[in-house]
Amino acid sequence: MIEFHLDSRSGVAPYLQIVHQVRHALRLGLLCEGDQLPTIKAVVSRLAINPNTVLKAYKELEYSGLVASRPGIGTFVVQTLSGAPLVALGPLRNELERWLGRARRAGLDEESIEALFRDCFRSHAGEDVA
Amino acid sequence: MTAVIAAAGLGKRYGRQWALSDCTLAIPAGQVVGLVGPNGAGKTTLLQLAVGLLAPTTGTITVLGEPPAASAAQLGRVGFVAQDTPIYPTLSVGDHLRLGAWLNPSWDQALAARRIQALGLDPRQRAGKLSGGQRAQLALTLAIAKRPELLILDEPVASLDPLARREFLQGLMEVVAEGGMSVVFSTHVIADLERVCDYLVVLVASRVRVAGEIDALLAEHRRLTGPRRDLDTLPPGQHVVEVSHTGRQSTLLVRSAGPILDPAWTVEPVGLEDLVLAYMSQAQGTAQPGPTLREVSR
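These figures come from a predicted structure and were not determined experimentally.

(A) Representation of helix α2 (residues 40-47) of chain A. Buried within α2(A) are the following residues: A:I40, A:V43, A:V44 and A:L47. Along the long axis of α2(A), the arc covered by the buried residues comes to 100 degrees, so they all point the same way. Check the buried side of α2(A) and you find it contacts α3 (51-63) of chain A together with α6 (162-177) and α7 (190-196) of chain B. Remark: A:A48 follows α2(A) within two positions and exhibits a positive phi of approximately 50 degrees.

So, in structure tokens, the structure goes:
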């Protein structure tokens, strides 16, 4: 069972924070198939949060096929979110390290590299920024 | 969606002073609605008009489809906790529950008793000896045990310490979780809003500046930072709520249903507090002057 927390200064809607925390826990293996999510009532009393917010988060997770709700019993994990297979990570990492070497030789410091990476990442993700 | 509170051209005057003027709004049912605005915006006047403690000078207001306090049945459908959560200091906690049971046909004694026990209150204790947090919880218990369709709370947590505030909101949300009750409450504490409310109404100088579901509002508002530019060049559909310029940079808070496509902008999410403050300061005229300060309401 995981516990949720809310950061009220993040600018991220509370229901999305819950969705992110579940996805994060799935990715890290803290939640596995068959595990139960806290009941809506439990989350409401723990966080003093609107029940509709929790419901919306669980609906969204259900919609993406990660959890399923069994009426009267609770909400359960039905699928895990392991990232890309480890085999794929190695070559990607090597490429990135080579790229980082080139960036340093071109005179970029850490901050510039980070800014460049974030900028590219955002424009590639393309959802909020294009 | 039906409105739990609908007002049109609503106004209330005390002598020559207008406490609320020309207020028009519709608050949807089935939600927890946060009503925010600066002091003197007319929040308390509006809520007191809604429960029938005041009569309007001009305009109309309906609550659950009827004039406020039109009948005993209508009174039973609306629960109200006034500012500073009043109780009867000389009566005991148990007396309050008995009073509630006598006065309200729909009284849920099981709920009242369960809450009093969960709060650890002694029924024999005089209400005047309770702490601020306990008083507020007792007042809330009385209001929800009548099982209202609409619960109206006027700054219920303003005078409570952070722990008591959290406990109060927990109690409130647990009842909301049982379903079937709309809630409207005014508050200054914006951090509470985001946790507790579905729906936000920002009221400034009697006017609704922005109203909508909080998740949608957060998704639609963004902060744009970029090289200084003329705001007339913004695409249609981007409403500027707040703007400030330095020599080279422009910072904007915009409302836009679609994505921001201009690559010159760095786009960031806006927290609810900044969003609310932007609308409040916009209306008070403390924002940067400019032709782009539009009133946004829907």
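From this point on, the discussion continues.
(B) Summary view of the interface of chain B and chain A. With 24 residues of chain B in contact, the opposing surface of chain A contributes 21 residues. Ranked by residues supplied to the side of chain B that touches chain A, first place goes to α6(B) with 7 residues.

(C) Highlighting unusual backbone geometry. Of note, the phi angle at A:A48 is positive, near 50 degrees, even though the residue is not glycine. With respect to the helices and strands, the residue A:A48 is situated in the loop between α2 and α3. Despite not being glycine, B:R147 has its phi angle at roughly 50 degrees, a positive value. Looking at where B:R147 falls in the secondary structure, it is placed in the loop between α5 (132-145) and β6 (150-154). On the basis of neighbour counts, which here come to 19 C-beta atoms within 10 Å, the residue B:R147 falls in the partly exposed class.

(D) Broad picture of the sheet that holds strand β11 (residues 238-245) of chain B. All names here are of chain B. Taken together, the 4 strands give an open sheet; going across it, the order is β11-β12-β10-β13, and neighbouring strands pair in antiparallel fashion. The outermost strands of the open sheet, each flanked by one partner alone, are β11 and β13 (266-269). Shown here is a sheet whose adjacent strand axes are inclined to one another by a mean of 25 degrees, direction ignored. Note: strand β10 (residues 221-227) against β13, 4 bridges, orientation antiparallel. For R223, the partnering residue across the bridge sits in β13 and is E268.

(E) Examining the packing of helix α3 (residues 93-103) of chain B against helix α4 (residues 109-118) of chain B more closely. Residues and elements named next belong to chain B. The interhelical angle for the contact between α3 and α4, taken along N-to-C directions, is 165 degrees, at an axis separation of 11 Å. Taken as axis vectors, α3 and α4 run roughly antiparallel relative to one another. Between α3 and α4 the crossing geometry is right-handed. Residues V93, L97, G100 and A101 of α3 form the contact with α4, whose participating residues are Q109, A112 and I116. In terms of residue class, the contact of α3 with α4 is made up of 5 nonpolar, 2 polar and no charged.

(F) Looking closely at the nonpolar core. Residue and element names in this part refer to chain B. Formed by 107 residues in total, the largest nonpolar core has its most connected members in V33, I152, M173, V184, L200, V201 and V202. It is α5 that provides the largest number of residues to this core, a total of 8 residues. Those residues in contact with I152, other than ones at most four positions away along the chain, are L47, A50, V51, V78, G79, F80 and V184.

(G) Expanded view of the packing of α5(B) against α6(B). All names here are of chain B. Running from N to C, α5 and α6 cross one another at 15 degrees; their axes reach a closest spacing of 9 Å. With respect to their mutual orientation, α5 and α6 come out roughly parallel. Like other packed secondary-structure pairs, α5 and α6 cross with a definite hand, here right-handed. Contacts between α5 and α6 involve G132, G133, A136, Q137, L140 and I144 on the former and, on the latter, A164, E167, F168, G171, L172 and V175. Split into classes, the residues belonging to the contact of α5 with α6 amount to 7 nonpolar, 4 polar and 1 charged.

(H) Layout of the pairing of strand β8 (residues 199-204) of chain B. Residue and element names in this part refer to chain B. Burial analysis of β8 places 6 of its 6 residues in the buried class, which makes it a mostly covered element. Burial along β8 is two-sided: Y199, V201 and L203 and L200, V202 and V204, pointing in opposite directions, are all buried. Examined bridge by bridge, strand β3 (residues 32-36) and β8 share 4 bridges and lie parallel to one another. Considered in β8, the bridge of V33 is made with Y199. Relative to strand β9 (residues 207-213), β8 runs antiparallel, the two being bridged by 6 bridges. Paired with V201 across the strands is A211, a residue of β9.

(I) Molecular detail of the confidence of the model for chain B. All names here are of chain B. Averaged over every residue, the pLDDT of chain B is 87; the share at 70 or more is 94%. Every residue in residues 285-298 scores below 50 in pLDDT, and together they form 25 contacts with partners more than four places removed in sequence or on other chains. Per the prediction output, this complex has pTM 0.78; the corresponding ipTM is 0.70.

(J) How the structure looks around the environment of A:V44. Considering the arrangement of structural elements, one finds A:V44 in helix α2. A:V44 sits in the buried class, given 25 other C-beta atoms within 10 Å. For A:V44 and A:V22, which are 22 residues apart along the polypeptide, the C-alpha to C-alpha distance reads 16 Å. Residues contacting A:V44, with those up to four places away along its chain left out, are A:I49, A:P51, A:V54, B:M173, B:E174 and B:A177.

(K) Spotlight on the confidence of the model for chain A. Within chain A, residue pLDDT values average 84, and 89% of them lie at 70 or more. At the level of individual helices and strands, chain A shows its lowest average pLDDT in helix α4 (residues 86-105) of chain A, which scores 83, and its highest in strand β1 (residues 36-37) of chain A, which scores 94.

What counts and what doesn't
- Residues numbered from 1 in each chain as written.
- Chains lettered and ligands numbered in written order.
- Predicted model: local features only at pLDDT ≥ 70, side-chain atom pairs only at ≥ 80, totals over all residues.
- Buried ≥ 20, exposed ≤ 12 C-beta atoms within 10 Å, placed from the backbone.
- Helix = DSSP H or I, 4+ residues; strand = E, 2+ residues; numbered from the N terminus.
- Arc of directions from axis to C-beta.
- Contact = placed C-beta atoms within 7 Å.
- Pairing = 2+ DSSP bridges.
- Axes fitted to C-alpha atoms, helices over the stretch in contact; angles between N-to-C directions.
- Parallel < 35°, antiparallel > 145°, perpendicular 65-115°, else oblique.
- Left-handed = near helix turned anticlockwise from the far one by under 90°.
- Nonpolar A, V, L, I, M, F, W, Y, C, P; charged D, E, K, R; others polar.
- Core = buried A, V, L, I, M, F, W, Y, C linked by C-beta atoms within 7 Å.
- pLDDT = per-residue confidence, 0-100.

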